[in-house]
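Next come the chains, spelled out residue by residue.
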Amino acid sequence: MSYVGPEFDPPQPERRESTGRFRRGPMVALVALVSGALLGWVAYEAVGSSGGPGSTGGSAGGPGSSTAAERSATSGTSSPASSSSSSGKSPSSASPSDDGKRADTPAASGPLKGKVIVIDPGHNPGNFQHASEINRKVNIGTNWKECDTTGTATNAGYTEARFTLDVAHRLRTLLQQQGATVKLTHDDGSPSWGPCVDERARIGNTAHADAAISIHADGSAPGNRGFHVILPASVRSGAADTRPIAAASHELGASIAGNFVRVTGEAPSNYIGDGTGLVTRKDLGGLNLSTVPKVFIECGNMRDSKDAALLTSGAWRQKAAEGISEGIVSFLRG
Ligand SMILES: [Zn+2]
């Protein structure tokens, strides 16, 4: 997802809408963590990245240059119930992740017992073979957008789609080990493309998810570094009405950003979000159409060599999954 154009709202100070059904959260902790992170950033820049052994796992699927904004969002489903309007075939869930573990059942007990979490592993690796399907426009409430895009890649060809699926598998394992029921919106080539951005939101809605997250990595200019979390603006237009979830999604996003800094040591983006690691947007179908607390995370910039060294490291991807997991856990614990 690369950012151009004026529609990026800087992160809004937390103005909770009283309509929210959901609990208040760890904003204070975030501020402390982010400022700490900024300090870390300075230190980081001083000593250079320590990305760990690269394990790109080769480039799977055609890398696509990311195009503006939302068109990077995709969605799918792992439950046969949701017949996708775009991809038709519903995926078989729980294929082995890079860590080789099959994780399709939640642990019998744990802090997340009874919680449902939907993970959207970003772009479907098969999208580049379905140009006509993914270019079809779908309605996201505020406007019409392409169903999906291929996502970006590192200069060496490690695709965003492969990165996000790996992190999604690791995150699923971590959450299930804590007792959560986890659904992926697509998984290991099933469906073979998409589903579309509108369907991604619907999957979280249908699952009545307690939290949902869409995982991405950016394709921005070299030198642009760091992660950011995208929060839904309060939107009411057509099928989009995020008023009931905006406040809780801000909490979820703040919690994930704070824990992501703490666990990965990565600083917030230095090119968007004014160093807070938080960005509020109103043009993403995956957020606009959500009726459950949901955020996107851009884990880093694949086109920056230092960030790419992190993103291609299996050890770093594990830390990224742990940071996101701990953010979700502390949000759900309220
Ligand atoms: Zn993306």
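The rules we used
- Residues numbered from 1 in each chain as written.
- Predicted model: local features only at pLDDT ≥ 70, side-chain atom pairs only at ≥ 80, totals over all residues.
- Heavy atoms only, no water.
- Helix = DSSP H or I, 4+ residues; strand = E, 2+ residues; numbered from the N terminus.
- Buried < 20%, exposed > 50% of the residue type's maximum accessible area, 1.4 Å probe, protein only.
- Contact = heavy atoms within 4.5 Å.
- Donors = N, O, S within 2.8 Å, 3.2 Å for Na, K, Ca; no water.
- Polar contact = N/O pair within 3.5 Å; in protein donor to acceptor, adjacent residues only side chain to side chain.
- 1 Å grid on protein atoms, 1.4 Å probe; cavity = no way out; pocket = protein on both sides within 12 Å on 5 of 7 lines; lining within 4 Å.
- Points joined across faces, edges and corners; volume = space filled by probe spheres on them.
- Salt bridge = Lys/Arg side-chain N within 4 Å of Asp/Glu carboxyl O.
- Disulfide = S-S within 2.5 Å.
- Pairing = 2+ DSSP bridges.

The name an unreviewed UniProt entry assigns to the protein is N-acetylmuramoyl-L-alanine amidase, from the organism Streptomyces spiralis.

Quick look at the overall build of the protein now. The helix and strand inventory of the protein stands at 8 helices and 10 strands. Burial status across the protein gives 58% buried among its 334 residues. For the protein, restricting intrachain contacts to residue pairs at least 6 apart in sequence, the fraction spanning at least 24 positions comes to 86%.

Taken together, H123 (NE2), E160 (OE) and H216 (ND1) make up the full set of protein donors to the zinc ion, lying 2.0 to 2.2 Å away. Along the chain, the residues donating to the zinc ion are arranged with the sequence spacing H-x36-E-x55-H. Here H123 is found in the loop between β1 (116-120) and α2 (131-134), whereas its partner H216 is found in strand β5 (residues 211-218), with 93 residues between them in sequence. This pair shows no difference in class: H123 is buried, exactly as H216 is.

Our focus in this paragraph is the environment of T264. Within the fold, T264 resides in helix α5 (residues 243-264). T264 sits 58 residues away from E322 along the chain, and the two C-alpha atoms are 8.4 Å apart. Those residues in contact with T264 that sit more than four places away from it in its chain are W316, K319 and A320. Of note is the side chain of T264, whose polar atom sits 3.0 Å from the backbone nitrogen of E266.

With that settled, the discussion passes to empty space enclosed by the protein. Applying the stated rule across the entire model yields 2 cavities of 30 Å³ or more. If you add up the space inside the second largest cavity, you get close to 50 Å³. Forming the walls of the second largest cavity are V118, D120, T185, R200, A201, G204, A212, I213, S290, V292 and K294. The set of elements that each furnish at least two residues to the lining of the second largest cavity consists of β1, α4 (197-206) and β5.

In this structure the tally under the stated criterion is 14 salt bridges. The residue R317 makes a salt bridge to D166 at a minimum N-O spacing of 2.6 Å. Taken together, the residues R317 in helix α8 (residues 314-333) and D166 in helix α3 (residues 160-177) connect sequence positions 151 residues apart. Take R317: its relative accessible area is 2%, and that puts it in the buried class. Look at D166 and you get buried, because its relative accessible area is 2%. Among the charged side chains, a salt-bridge network with shared partners connects D120, D148 and R200.

Bringing the state of the cysteines into the picture now. The tally for this structure, following the rule as stated, stands at 1 disulfide. Here C147 connects covalently by a disulfide to C196, the sulfurs 2.2 Å from one another. Between C147 and C196, the S-S dihedral sits near -90 degrees, and the bridge is therefore left-handed. Taken together, the positions of C147 in the loop between β3 (144-146) and α3 and C196 in the loop between β4 (181-184) and α4 put the pair 49 residues apart, joining distant regions of the chain. By relative accessible area, C147 is classed as buried at 0%. On the basis of relative accessible area, C196 is assigned to the buried category, the value being 0%.

Next up on the list: the pairing of strand β10 (residues 294-301). Burial within β10 is extensive, with 8 of its 8 residues counted as buried. As judged from the 6 bridges shared by β5 and β10, these two strands associate in the parallel manner. Looking across to β10, one finds that I215 is bridged to I297. When strand β6 (residues 228-232) meets β10, the two strands line up antiparallel, connected through 3 bridges. Of the residues in β10, the one forming a bridge with H228 is E298.

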